[in-house]
Amino acid sequence: MIKNPRPLDTERALSDEPEGTEYTCQVCRDAHFVHPLKGGGKTDYSRVVPCQCVREQMERERMQSLLKYCELPPGTEHMIFENFKVSPRLQEAYDLAVELAKDAGEISWLTLTSGASRGKTHLAVAICRRWLRKGRLARYAFVPLLLDELRRGFREEGDRSYEARFGRFLNVPLLVLDDLGAEHRTPWVQEKLDTIIDYRLMHDLRLVVTTNTPMAELPFRIASRLGRSPGSRVVFIDAPEFRKGKRSNGKVVTKEEA
Ligand SMILES: [Zn+2]
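Cut-off values and rules
- Residues numbered from 1 in each chain as written.
- Predicted model: local features only at pLDDT ≥ 70, side-chain atom pairs only at ≥ 80, totals over all residues.
- Heavy atoms only, no water.
- Donors = N, O, S within 2.8 Å, 3.2 Å for Na, K, Ca; no water.
- Buried < 20%, exposed > 50% of the residue type's maximum accessible area, 1.4 Å probe, protein only.
- Phe/Tyr/Trp six-rings, centres within 6.5 Å; stacked < 30°, edge-to-face > 60°.
- Helix = DSSP H or I, 4+ residues; strand = E, 2+ residues; numbered from the N terminus.
- Lys NZ or Arg CZ within 6 Å of the ring centre and 35° of its normal.
- Axes fitted to C-alpha atoms, helices over the stretch in contact; angles between N-to-C directions.
- Parallel < 35°, antiparallel > 145°, perpendicular 65-115°, else oblique.
- Contact = heavy atoms within 4.5 Å.
- Nonpolar A, V, L, I, M, F, W, Y, C, P; charged D, E, K, R; others polar.
- Pairing = 2+ DSSP bridges.
- Salt bridge = Lys/Arg side-chain N within 4 Å of Asp/Glu carboxyl O.

A word on the coordination of the zinc ion
Protein ligation of the zinc ion involves Cys25 (SG), Cys28 (SG), Cys51 (SG) and Cys53 (SG), the donor distances falling in the range 2.2 to 2.3 Å. Donor residues for the zinc ion, ordered by position in the chain, follow C-x2-C-x22-C-x1-C. The pair formed by Cys25 and Cys28 is uniform in burial state, with each residue classed as buried.

Below, the structure written as structure tokens:
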């Protein structure tokens, strides 16, 4: 951290600029570099370092590109842990989601299963957002659309080709598969999902799955991977349905509270 940096070439900046010039950054006067301070608090004129405005801008751009890559659905900006209303029946799912988002514990895969609108997507998106906030790459995928996205790759090349798209689902450090089981089951679809899940298991990559389908009704191979792999947890959320679209103070209100 550079404390009280001096603007680059202060003298020249003062004499060249007409009076009243407005700078976006008052610290470097838009020079984007500053002289750092030495140990004793004196300015080190022999060196220049990027101004904090440059570093902040780089950080914003990095966050934007991480967000773009993640492809979170629009309208999910409020889906963060801080806005999640934890009722006793959601406590376990919430705790495990927070634990996985830390990526420091023993949980590497989390499957949330329940009826529709029990807060699964909120938790899955919150894991992504926390992951992104730490500057890490994550990818959200609504399963029925994921497979369409892969198919679109057949007609494209390079970064948008099928191989590139599939490679990202395989390798991204955190993948969220939202609404597994809602996809149209064909042998091709099944093979793609099997491969993604097997590959991520083999390479110890984080996975979050939400499903409205009971585990016993998911394809056997997938259900057994989700249920029995080391570091994998499956939570059945036995909570009342969220009242859709009703929020107060940014918090989702459950029927339980009403
Ligand atoms: Zn600056």
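Next comes the rest of the account.
A closer look at the packing of aromatic side chains
Given two aromatic rings, one states the distance between the centres and the angle between the planes to describe the pair. Using the criterion set out here, one finds five aromatic pairs in the structure. For the ring pair Phe84 and Tyr94, a centre distance of 5.9 Å and an interplane angle of 15° mean the geometry is stacked. Taken together, the residues Phe84 in the loop between helix H2 (52–70) and helix H3 (91–102) and Tyr94 in helix H3 connect sequence positions ten residues apart. The exposure class assigned to Phe84 is buried, which follows from its relative accessible area of 6%. Residue Tyr94 is classed as buried on the basis of its relative accessible area of 19%. Seen from the ring of Trp131, Lys134 lies directly overhead, with NZ or CZ sitting 5.8 Å from the centre. Note that Lys192 overlies the ring of Phe166, its terminal NZ or CZ placed 5.2 Å from the centroid.

A short note on the packing of helix H6 (residues 162–171) against helix H7 (residues 187–202)
Between two packed helices, what matters for the description is the angle formed by their axes and the separation of those axes. The interhelical angle for the contact between H6 and H7, taken along N-to-C directions, is 45°, at an axis separation of 8 Å. What the angle tells us is that H6 and H7 run oblique. Residues Tyr162, Phe166, Phe169, Leu170 and Asn171 of H6 touch H7, and the partners they reach there are Trp188, Lys192, Thr195, Ile196, Tyr199 and Arg200. Looking at the contact of H6 with H7, its residues break down into seven nonpolar, two polar and two charged.

Quick word on the sheet that holds strand E8 (residues 232–236)
Pairing is parallel across the open sheet formed by five strands, whose spatial order is E5-E6-E7-E4-E8. In this open sheet, the two strands that pair with only one neighbour each are strand E5 (138–142) and E8. Strand-to-strand twist of the sheet, defined as the mean angle between neighbouring strand axes without regard to direction, takes the value 10°. Across five bridges, the pairing between strand E4 (residues 109–113) and strand E7 (residues 206–211) is parallel. Bridged to Leu110 within E7 is Val208.

A short note on the pattern of salt bridges
If you walk through the whole model with that rule in mind, you get 19 salt bridges. Residues Asp103 and Arg206 are paired through a salt bridge, measuring 2.6 Å at the closest nitrogen-oxygen approach. Remark: Arg206 occurs in strand E7 and Asp103 occurs in the loop between H3 and E4; sequence separation between them is 103 residues. Owing to a relative accessible area of 22%, Asp103 belongs among the partly exposed residues under this scheme. The exposure class assigned to Arg206 is buried, which follows from its relative accessible area of 14%. Glu149 is the salt-bridge partner of Arg165, the closest N and O atoms lying 3.9 Å from each other. With Arg165 in helix H6 and Glu149 in helix H5 (residues 143–152), this residue pair connects regions lying 16 residues apart in the sequence. Linked through salt bridges whose partners overlap, the residues forming this network are Glu71, Arg139, Glu149, Glu156, Arg160 and Arg165.

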